[in-house]
Amino acid sequence: MRVCVVGGAGYVGLVTGVGLALLGHEVMCVDVNSTRVEELENGNSPIQEEGLEPVLAELLQRGKIRFTTSIETGIEQAEIVFIAVATPSLPDGGTDSSHAVTVARDLARLIHRYTVVAVKSTMPVETLDQLDSVLKERLIPGKQFDLVSNPEFLREGRGLRDFFRPDRIVVGSDSEPAFSVMRQVYQPLIDGSAELPEAFRTDTPIPYLETTPSTAQMIKYASNAFLATRISFINEIAGLCQRLNADVGAVVEGLGLDPRIGKAYLQPGIGFGGPCLEKDLTALVRLAQDNNYDPVLLDSVLQRNHLQLIEVQNKLINGMGPSPVGKTVAVLGLAFKEGTNDVRNSLALRLMKDLADSGATVHGHDPLAIPEAEEQFQDATYFENVYEALAGVDAAVVLNSVAEYRDLDLERVAATMKDGLLVDVRGVLNSGDVLSHGLRYDSIG
Ligand code: UDX
């Protein structure tokens, strides 16, 4: 099929475009970011995604994927248009749908044959209705277009794997012809006929759900809300474990043995950051309030996340002595999670800002995300070398579990840190080893 992906140079759009092209479709990715479009045309991915660049190079060479800044060019031949533009939070927690509305206006002007418009971006169903109205101003529903909700469940860093081996595909629509087009789009994945690299193949059948647009969007919101709930739950249990002298790692083992619970997604830490979980949960809380329903549980999931950041901050500040003024802290791990260079809504950056505001000097280190962090937060000194970041600091906090931190040479760390407090948020270090090197150790749980 001929497919257009609007927002095709962003995280979701690019993975979707590359994924669809590997399924055998002809893909045009449209994006307003001309720098990214240019990079992608040359086969360079601006985002860190496992396995993406080699696949992209091959698809470009075979002419299966193209990148453009022109929406006119992008949709000229398209039978289906995916909308994968950003839907950021408004100051009141609602969803800023302005980018999607602009795309819908362009589509209303440009569509000239029956086209399925499939929304990948997460948005409340009222926003889907708004897009529908914009399209209907110029087009005949069911004849020239049908709007579909097709939420993404991609984890950054392993997006392609999630695209090809999804836990489910969800399609929400009110139109049988649109369902039929969507089935054709995903058919090579569902029947296993697509020729995929080994790492992306699966023998497990992929559940394919067809439902209404509002249910499809709610499946997406509920999934992210549930994931966020698990994180806040385990962070609260970790705080209790630490106060009651229990070991949260062993608690997760014990909890996870109950198959109704499982142990996935129960890793304590600084809380959930990144572009999705907090934004989507905040939007869901807002939706509940707008509909006169009190979201007590979801609200407290957000509150625990906020308190978790303060918990980490307090460990550092209290551990350094009566006042953070004049002290130096190294923050190790700046991306919102390991394996990416994405600092959008990174709690590491919020922590750095809070520490700097309280009078501390801040050092930052990350294996991938220093340029991105520097762009967002200038009140810190960044180091490419982790031992240079640790030189002369009063405390350091390890926020993720990359091998570089797991395998820290503690002798070197002890020699370089002035007064060595290590706050090991992900539990990647052996506390006994840290203490035996004359360093102080603290963790979550
Ligand atoms: C998430 C969802 O997993 C994905 O299905 C959805 O489509 C988009 O949002 P992503 O934002 O890429 O994906 O990151 P994820 O790996 O889920 O992590 C989100 C945050 O939670 C990170 O800050 C991570 O460090 C944190 N986290 C995750 C924990 O603190 N503990 C965990 O056990 C898992």
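If you're wondering where the values come from, they're calculated on a predicted model, not measured in any experiment.

Participant: Sorry if this is basic, but what is going on with the packing of helix α12 (residues 296-320) against helix α13 (residues 347-357) here?
Facilitator: Geometrically, a packed helix pair is captured by the angle between its two axes and the distance between the axes. Remark: α12 packs on α13, axes separated minimally by 11 Å, with the N-to-C direction vectors making an angle of 50 degrees. Classed by the angle they form, the pair α12 and α13 counts as oblique. As for the relative orientation of α12 and α13, their crossing is right-handed in sense. Residues N305, L309, V312, Q313, L316 and I317 of α12 form the contact with α13, whose participating residues are L347, R350, L351, D354 and L355. Looking at the contact of α12 with α13, its residues break down into 7 nonpolar, 2 polar and 2 charged.

Participant: Whenever I open this one, the site of the ligand confuses me. Can you help?
Facilitator: Not every one of the 20 residues close to the ligand is listed here, only the nearest: E156, Y265, Q267, K337 and R426. Here an oxygen atom of the ligand sits 3.2 Å away from a polar atom, N or O, in the main chain of L154. Within the backbone of F336, one N or O atom sits 3.1 Å away from an oxygen atom of the ligand. For the shell around the ligand, the element with the most residues is helix α9 (residues 213-244), which contributes 4 residues.

Participant: Even after reading the chapter, I still don't get the packing of aromatic side chains, so can you show me in this structure?
Facilitator: For any pair of aromatic rings, the description rests on two quantities: the centre-to-centre distance and the angle between the ring planes. For the structure on display, the rule yields 3 aromatic pairs. The lysine or arginine in question, R168, covers the ring of F153, its NZ or CZ lying 3.8 Å from the ring centre. The ring centre of Y387 lies 3.9 Å from the NZ or CZ of R412, which sits over that ring.

What counts, and at which threshold
Residues numbered from 1 in each chain as written. Predicted model: local features only at pLDDT ≥ 70, side-chain atom pairs only at ≥ 80, totals over all residues. Heavy atoms only, no water. Axes fitted to C-alpha atoms, helices over the stretch in contact; angles between N-to-C directions. Helix = DSSP H or I, 4+ residues; strand = E, 2+ residues; numbered from the N terminus. Parallel < 35°, antiparallel > 145°, perpendicular 65-115°, else oblique. Left-handed = near helix turned anticlockwise from the far one by under 90°. Contact = heavy atoms within 4.5 Å. Nonpolar A, V, L, I, M, F, W, Y, C, P; charged D, E, K, R; others polar. Near = heavy atom within 4 Å. Polar contact = N/O pair within 3.5 Å; in protein donor to acceptor, adjacent residues only side chain to side chain. Phe/Tyr/Trp six-rings, centres within 6.5 Å; stacked < 30°, edge-to-face > 60°. Lys NZ or Arg CZ within 6 Å of the ring centre and 35° of its normal.

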